[in-house]
Amino acid sequence: MFTLTSLLLLLNIPILMVSFIHSGCFWRLKPNEDKERNFLLSCPFAIEPVQRPMRLEDWDSLLDIHKTTKKYPFDLALAFSLDEVNRNSRLLPNISLQFRDLTFGCMPLSELYEWLSAELENEFYELLPNYHCEMEPSCGVLLTGPNWETSAAYQTYILQPQEVLQLSHGPFHPVLDDREQFPYLIQMAPKDISLAMAMVSFILYFSWNWIGLVISDNDVGIEFLWYLRQEMEKNTVCLAFVNMIPVNMQLYMSRADVYYNQMVTSSTNVVILYGDIDSTLAMSSRMWDSLSTQRIWITTSQWDVSINNRDFPLDSLHLTFVFAHHHADILGLKSFLRSLNPFKYSDKYLASLEWMYFTCDVLSSKLKTLKNCSSSTSLDWLMEQTFDMAFIDGSYHIYNAVYAVAHALHEIAFLQADRRPMIYKHKLNVNCTKLHSFVRKTHFTNPVGDRVNMNQREKLGEDYDIYQVSKLQHSLGLKVKIGSFSPYFPRSQQLHLSVDAMEWATGDKQMLPSVCSDDCGPGFRKFSKEGMAACCFECSPCPENEISNETNVDECVKCPEDQYANPEQNHCRHKAVVFLSYEDPLGMALALIALCFTAFTAVVFGVFVKHHDTPVVKANNRTLSYLLLMSLLFCFLCSLLFLGHPNSATCILQQITFGIAFTVAISTVLAKTITVVLAFKVTAPRQMKYILVSGAPNYVIPICSLSQCVLCVIWLWSSPPFVDTDAHSEHGHIIILCNKGSVTAFYCVLGYLACLALGSFTVAFLARNLPDTFNEAKYLTFSMLVFCSVWVTFIPVYHSTKGKVMVAMEIFSILASTAGMLACIFVPKVYIILLRPHRNSVPKIREKSYL
């Protein structure tokens, strides 16, 4: 079956498994002497095929232990690579690759351009393998680096006119990628397409979003800044500052204080360092040793060399993370050098040149002990554990360059062998143009299993190994592999970090935070002000009844209607369902009041029934009094319908019973008032007697009640009351209550009662001056005045309250208005009947002052 792994292999995509995070540790010895000049030296190597094996003395000029230049690790890598190729019987049989160390061309970059145009350039031409006019045509390859300007100078002034192939083993530079300007130059280093993505993924892993950046102000730095900004914008990561260090020394010195102050005053704890180590950027790094604040540095592999010397103040660094192109470990360099001269190449000497490889397992239990030991004790222990010398990126590129040339020559040799079978009896003739074409098309798998493609434009994004670099002792540096990054996996699986490796390498489980603004915790939302960076914000509490249960949310979430926000506003709670019940203190009080008034009304009714033949009861139309007492009794009882759990039946009965009961009561008062007025105001005795005897005033009651019934029927037909919920009046509660349905119908019923009350009040007011011997008109007037006052007050108060208080207000208005009518009309009569019985007689009633 055609699997995903097979597809990746066909596409030459490196497959990265979780197991790539193996135990890989490196240590290095700080050199005793470190001359700044050596950083700027860049010596070329010339490689050409010969038909004799390399001898021990051939390495002497290359492997000179007295060399102090920083190119010496590259010399060792070249020697090892050539020896490995020459020992390979399947690659270039009967032919060896030899080198020419053009060491007299080693000089500071500031002197190189002047030298290339001087008299010595003729001497340099003569050393090139294809420049000997008297010999057969042959073509060699020049290895240059690590400085890109050096490679450009050689290609421009010397190699391009002679069509000599040049391979640069330094970091990739976009200027050298121009084939029109540098047609015979090939860069071995891949382009850092995925570096910005890898660094941003690493930054996101630790939840950092406020990052400083220090880069060289050249094409490399600007291109990296462009890639980095793109990745940061995708992931909401911001740059706290960007220090673009000028390449020109005078310009840099004029701005050095500005760059330093920007670094010191910035609130970021993480700084990315990217650029050439042999530039003003390296000089700028010397100023950082006086930084009082800790910083976490993120950089590339070319800086891990200078991290271990005095030009980069390791003591001031909190943590340093290095991103290096992933490549398999090349083993055997230490054994190769020992085979040449075991006394010359000791571990201590090699450790001063390059990182030494050993397994982390032996260090895990000794790390704290070694940090407290003396330097000599730690050094002795490390040398016992070391089993090889590591290859840095530049050395690895030299290794691949040698194999690329060997594979290209191997293919050319076999093509020539097809045409000239005796080709190996003579020196291999190689045309430089052809060699260049073959090298650029070459792709192969090197001995350690890495795929190498010499066509830069066909190279895919590279994988990266991530190292943590620190100081083990004053003179000992430690580098630990903590993870890796591959752009070919899904976004969430591209970065793999070993938490355990980071913990014991750094000695801490937590990293310094590096954010522009502190997180807005649950219960808060973030908002940005105009002019602030995308990563900078301020925090604001969530609005009422809204929550946020995560950090740094842009908007709070409103709780559902049946839930409310807790005091911390980080989650919603279910609201308690409540209503004005009998168990509620307010409901209990209102129910008790209603029952007391109901009982009192029943007592009054009983008194009137018992004393129905007395003049006080008979004088005021006994039947109407009974009807009024019964209606008041129902008014008191209807208030109980407003208590308890509402349902459809009680919601309808509340309003209908209230409307009809009060209509009967007020219309009865109106009938009594009309009766009084007719008894004293009608001038024609016969007409008055006919009206009174016929009971015409009593017809007011059914007529008024029928009209109210019609309004109630219309109300029930159009929009009847129903059970509703109020989730807003009381915090944390859902109140179940009765919705009026049609508010217009409710106010029509209330307005109709107001009209009846106003009519009764008016008629009673007109009878206020009747003889004192019959002063019931005054009581009726006061009762209607109390009734109107209660309900006029009810309307604004009813609209200003919500929930249970609104229901309680309606019950209170019913009880107050009913109690007012009961007290004003019947209490004086009960007083006479029970407490002044001697006045309850016809003679006394006729007396003018019986009260």
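Residues numbered from 1 in each chain as written. Predicted model: local features only at pLDDT ≥ 70, side-chain atom pairs only at ≥ 80, totals over all residues. Heavy atoms only, no water.

**Considerations on the overall build of the chain**
Secondary structure assignment for the chain yields 27 helices and 27 strands. A buried classification covers 53% of the 851 residues belonging to the chain. Looking at the chain alone, contacts between residues at least 24 apart form 73% of all its contacts between residues at least 6 apart. (Helix = DSSP H or I, 4+ residues; strand = E, 2+ residues; numbered from the N terminus. Buried < 20%, exposed > 50% of the residue type's maximum accessible area, 1.4 Å probe, protein only. Contact = heavy atoms within 4.5 Å.)

**As for the pairing of strand β2 (residues 45-50)**
Among the six residues of β2, six are classified as buried, and the element is accordingly described as predominantly covered. Of the two faces of β2, the one holding F45, I47 and P49 and the one holding A46, E48 and V50 are both buried throughout. Both β2 and strand β4 (residues 141-144) contribute to a ladder of three bridges, which runs antiparallel. Bridging across to β4, I47 finds its partner in V141. (Pairing = 2+ DSSP bridges.)

**Remarks on the packing of aromatic side chains**
On inspection of all chains with the given rule, the structure shows 27 aromatic pairs. Three or more aromatic residues joined by ring pairs form one cluster here, namely F658, F662, W715, F746, Y747, F787, W791, F794 and Y798. Geometry around Y467 places K479 over its ring, the cationic atom sitting 4.8 Å from the centre. (Phe/Tyr/Trp six-rings, centres within 6.5 Å; stacked < 30°, edge-to-face > 60°. Lys NZ or Arg CZ within 6 Å of the ring centre and 35° of its normal.)

**What about helix α2 (residues 72-86)?**
Compared with an ideal rise of 1.5 Å per residue, which puts 15 residues at 21 Å, α2 spans 21 Å between its outermost C-alpha atoms and is within 8% of the ideal. Counting buried residues along α2, 13 of its 15 residues qualify, which places the element largely inside the surrounding structure. (Expected span 1.5 Å × (residues − 1).)

**Observations concerning the pattern of salt bridges**
Scanning the entire structure with this criterion turns up nine salt bridges. Notably, a salt bridge pairs D83 with R87, separated by 2.8 Å at the nearest N-O pair. Residue class for D83 comes out buried when judged on its relative accessible area of 14%. R87 gets classed as exposed once you look at its relative accessible area, which sits at 65%. Across the salt bridge formed by D584 and K804, the nearest N and O atoms sit 2.9 Å from each other. Separated by 220 residues along the polypeptide, D584 in the loop between β25 (576-578) and α18 (585-610) and K804 in helix α26 (residues 803-835) bring together distant segments of the chain. This pair shows no difference in class: D584 is buried, exactly as K804 is. (Salt bridge = Lys/Arg side-chain N within 4 Å of Asp/Glu carboxyl O.)

**A few points about the side chain of K575**
On the secondary structure map, K575 appears in the loop between β24 (572-574) and β25. One buried charge, K575, has no salt-bridge partner; the nearest side chain with opposite charge is E561, at 5.4 Å. A polar side-chain atom of K575 sits 2.4 Å from the main-chain carbonyl oxygen of A727. Apart from the residues lying within four places of it in its own chain, the contact partners of K575 are E561, D562, Q563, Y564, A727, G732, H733 and I734. (Lys, Arg positive; Asp, Glu negative; His and termini not counted. Polar contact = N/O pair within 3.5 Å; in protein donor to acceptor, adjacent residues only side chain to side chain.)

**Focus on helix α10 (residues 333-340)**
The set of residues buried in α10 consists of L333, K334, F336 and L337. The buried residues of α10 all sit within an arc of 160 degrees when viewed along its axis, so they share a single face. In α10, those exposed residues whose orientation departs by more than 90 degrees from the buried face are S335 and S339. Buried residues along α10 sit against α2, α11 (347-351) and β13 (388-389). (Arc of directions from axis to C-beta.)

**Examining the state of the cysteines**
A covalent bond bridging the sulfur atoms of two cysteines is what the word disulfide describes. Going through the model one piece at a time under the given rule, you end up with six disulfides. Here C516 pairs with C536 through a disulfide, and the sulfurs are 1.8 Å apart. With the S-S bond torsion at 100 degrees, the cross-link from C516 to C536 turns out right-handed. With C516 in the loop between α17 (499-506) and β19 (524-527) and C536 in the loop between β19 and β20 (538-541), this pair connects stretches of sequence that are 20 residues apart. Using a relative accessible area of 24% as the deciding quantity, one classes C516 as partly exposed. Overall, the relative accessible area of 7% leaves C536 in the buried class. C542 shares a disulfide with C556; S-S distance 2.0 Å. Disulfide C542-C556: torsion about the S-S bond near -80 degrees, hence left-handed. Of the two residues, C542 sits in the loop between β20 and β21 (546-547) while C556 sits in the loop between β21 and β22 (557-558), which places them 14 residues apart along the sequence. (Disulfide = S-S within 2.5 Å.)

**Focus on the packing of α18 against α26**
Following both chains from N to C, one finds α18 and α26 inclined at 25 degrees, their axes separated by 10 Å at the closest point. Taken together, the axes of α18 and α26 are roughly parallel relative to one another. Seen along the crossing, α18 lies across α26 with a hand that is left-handed. Contact residues: L586, L590, I593, A594, F597, F600, T601, V604, V607 and F608 in α18; A808, I811, L815, A819, L822, F826, V827, K829, V830, I833 and L834 in α26. Its residues assigned to classes, the contact of α18 with α26 comprises 19 nonpolar, one polar and one charged. (Axes fitted to C-alpha atoms, helices over the stretch in contact; angles between N-to-C directions. Parallel < 35°, antiparallel > 145°, perpendicular 65-115°, else oblique. Left-handed = near helix turned anticlockwise from the far one by under 90°. Nonpolar A, V, L, I, M, F, W, Y, C, P; charged D, E, K, R; others polar.)

**A closer look at the nonpolar core**
One finds L167, F202, W208, I272 and L435 to be the most contacted residues of the largest nonpolar core, which totals 109 residues. The element best represented in this core is helix α15 (residues 393-419), accounting for twelve residues. Sequence-distant contacts of W208, defined by excluding residues within four places in its chain, comprise F202, I203, V237, V270, I296, I298, M511, L512, P513 and S514. Counting residues in each nonpolar core, the second largest holds 62 residues, with V578, A661, A764 and V830 among its members. (Core = buried A, V, L, I, M, F, W, Y, C linked by side-chain atoms within 4.5 Å.)

**Looking at the sheet that holds strand β27 (residues 733-739)**
Remark on secondary structure: sheet strands pair via backbone hydrogen bonds, oriented parallel or antiparallel. Taking strand neighbours across the sheet as the criterion, the three strands line up as β25-β27-β26 in an open arrangement whose pairing is mixed. Here the strands that pair on one side only, and so sit at the sheet edges, are β25 and β26 (722-726). Taken pair by pair, the neighbouring strands of this sheet meet at an average axis angle of 30 degrees, ignoring direction. Inspection of the sheet shows β26 paired to β27 by five bridges, in the antiparallel sense. Among the inter-strand pairings, T725 is bridged to a residue of β27, identified as I736. α26 rests against β26 and β27 of the sheet, and its axis sits at about 35 degrees to β27.

**Brief notes about the packing of helix α25 (residues 776-800) against α26**
The geometry of α25 relative to α26 is characterised by a closest axis approach of 8 Å and an angle of 175 degrees between their N-to-C directions. Between α25 and α26, the crossing angle belongs to the class labelled roughly antiparallel. Looking at the contact of α25 with α26 residue by residue, the class counts come to 19 nonpolar, four polar and three charged.

**Quick word on a nonpolar patch on the surface**
Together, M630, F634 and L637 give the surface a local cluster of nonpolar side chains, amounting to about 240 Å² of exposed area. Mapped onto the elements of the fold, L637 is located in helix α20 (residues 622-638). (Patch = residues over 30% accessible without salt bridge, like charges linked within 9 Å, V, L, I, M, F, W, Y side chains within 5 Å. Areas by Shrake-Rupley, 256 points an atom, 1.4 Å probe, with all protein chains shown as cover.)

**Examining the environment of N453**
Tracing the backbone through its elements, the reader meets N453 in strand β15 (residues 451-453). Within the structure, N453 has its side chain in polar contact with the backbone nitrogen of N455 (distance 3.1 Å).

**As for the confidence of the model for the chain**
Taken over all residues, the pLDDT of the chain has a mean of 77, while the share at 70 or more is 73%. Summarising per-element confidence for the chain, the mean pLDDT is lowest in helix α1 (residues 4-10) (39) and highest in helix α6 (residues 195-205) (94). Ignoring residues within four places in sequence, the model shows residues 306-316, a span with pLDDT below 50, making 38 contacts including any to other chains. (pLDDT = per-residue confidence, 0-100.)

**A few points about unusual backbone geometry**
The backbone of L92 sits at a positive phi, close to 55 degrees, despite the residue not being glycine. Mapped onto the elements of the fold, L92 is located in the loop between α2 and β3 (96-101). Accessibility expressed as a relative area gives 3% for L92, which makes it buried. Phi is positive for N545, which is not a glycine, with a value near 65 degrees. With respect to the secondary-structure elements, N545 resides in the loop between β20 and β21. Judged by relative accessible area, which is 18%, N545 ranks as buried.

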